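For reference, the chains in residue letters:
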Amino acid sequence: MKKVSLILVFVLCAALCLAACGKTQSAPEVTPAPAVEATEAPVLAPVLPGSNLSSGETEQSGESEETASFDEEAFNTAMSCIDLSVDELYLMIGEPSGSSYAPSCLNLGNDEAGEDGELYYEGFYVATYRQGENEVVRDVIRNAG
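Residues numbered from 1 in each chain as written. Predicted model: local features only at pLDDT ≥ 70, side-chain atom pairs only at ≥ 80, totals over all residues. Heavy atoms only, no water.

What follows is about the overall build of the chain. When you go through the chain residue by residue, the secondary structure sums to three helices and four strands. Shown N-terminal to C-terminal, the secondary structure of the chain runs as helices and strands in the order α-α-α-β-β-β-β. Counting only contacts in the chain whose residues sit at least 6 apart along the sequence, the fraction spanning at least 24 positions is 47%. Surface summary for the chain: the accessible area is close to 10,900 Å², and the carbon and sulfur share equals 57%. (Helix = DSSP H or I, 4+ residues; strand = E, 2+ residues; numbered from the N terminus. Contact = heavy atoms within 4.5 Å. Areas by Shrake-Rupley, 256 points an atom, 1.4 Å probe, with all protein chains shown as cover.)

Quick look at the structure:
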């Protein structure tokens, strides 16, 4: 009798597992974002999470998104510098108009984390990781607009 009960429990557990695995989840309903009317608003400097920078510590031009031009050639050149030293980026497209740094939210396997940085150029910014004297280009992001 115990063997039959154990076998029955095992069969029921297996059936429940199979039934649960066979269920598919429905995709979440997508709700479109409400339309936002364009207004003349100042461009806010991107700041990394956890940064304690005040607006006076970031050097950036006061151009609005509408008047800021975009240098496609500099952007593409910066993209080719991903995973290279920031010094190589400077040689190729020049110094940024401003920058900001904050303690890194990533620990790249090192005992002490470095800093995440943003280097501001006309129409885009370059995300970097700096530890000690070494700073590496991690990504190039085009400004919205």
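Position of Gly-114 relative to the elements: it lies in the loop between strand E1 (98-103) and strand E2 (115-121). Given a relative accessible area of 10%, Gly-114 falls into the buried group. Placed twelve residues apart in sequence, Gly-114 and Ala-102 show a C-alpha to C-alpha distance of 8.8 Å. What Gly-114 contacts, discounting residues up to four positions off in sequence, is Pro-103, Ser-104, Tyr-129, Arg-130 and Gln-131. (Buried < 20%, exposed > 50% of the residue type's maximum accessible area, 1.4 Å probe, protein only.)

Where helix H2 (residues 72-79) contacts helix H3 (residues 86-93), the axes come no closer than 10 Å and their chain directions differ by 155°. Taken as axis vectors, H2 and H3 run roughly antiparallel relative to one another. Handedness of the crossing formed by H2 with H3: right-handed. Together, Ala-74, Thr-77 and Ala-78 of H2 and Leu-89, Met-92 and Ile-93 of H3 make up the contact between the two elements. Residues that form the contact of H2 with H3 fall into these classes: five nonpolar, one polar and no charged. (Axes fitted to C-alpha atoms, helices over the stretch in contact; angles between N-to-C directions. Parallel < 35°, antiparallel > 145°, perpendicular 65-115°, else oblique. Left-handed = near helix turned anticlockwise from the far one by under 90°. Nonpolar A, V, L, I, M, F, W, Y, C, P; charged D, E, K, R; others polar.)

Our next topic: the confidence of the model for the chain. Model confidence for the chain is summarised by a mean pLDDT of 72, while 48% of its residues fall at 70 or above. When mean pLDDT is taken per element in the chain, H3 scores highest with 96 and helix H1 (residues 2-22) scores lowest with 57. Residue range residues 54-67 is modelled with pLDDT below 50. Its contacts to residues more than four positions away, or to other chains, number 21 contacts. (pLDDT = per-residue confidence, 0-100.)

Quick look at the pairing of strand E4 (residues 134-142) now. A regular strand places its side chains on the two faces of the sheet in alternate fashion. Sheet analysis places strand E3 (residues 124-131) next to E4, joined by eight bridges and oriented antiparallel. Paired with Gln-131 across the bridge in E4 is Asn-134. Hairpin remark: E3 followed by E4, antiparallel, with two residues in the connecting loop; positive phi at Gly-132, about 65°. (Pairing = 2+ DSSP bridges.)

We now examine the side chain of Glu-118. Looking at the secondary structure, you find Glu-118 in strand E2. For Glu-118, which is buried and forms no salt bridge, the nearest opposite charge comes from Arg-130, at a distance of 13 Å. At a separation of 3.0 Å, a polar atom in the side chain of Glu-118 contacts the side chain of Tyr-120. (Lys, Arg positive; Asp, Glu negative; His and termini not counted. Salt bridge = Lys/Arg side-chain N within 4 Å of Asp/Glu carboxyl O. Polar contact = N/O pair within 3.5 Å; in protein donor to acceptor, adjacent residues only side chain to side chain.)

The strand order E1-E2-E3-E4 describes an open sheet built from four strands, whose pairing is antiparallel. Two strands close off the open sheet at either side, each with one partner strand: E1 and E4. Direction aside, neighbouring strands of the sheet carry axes that sit 20° apart on average. Packing of H2 onto the sheet brings it into contact with E3 and E4, and relative to E4 it is tilted by some 135°. Strands in contact with H3 are E2, E3 and E4; relative to E2, the strand with the most contacts, it is inclined by about 0°.

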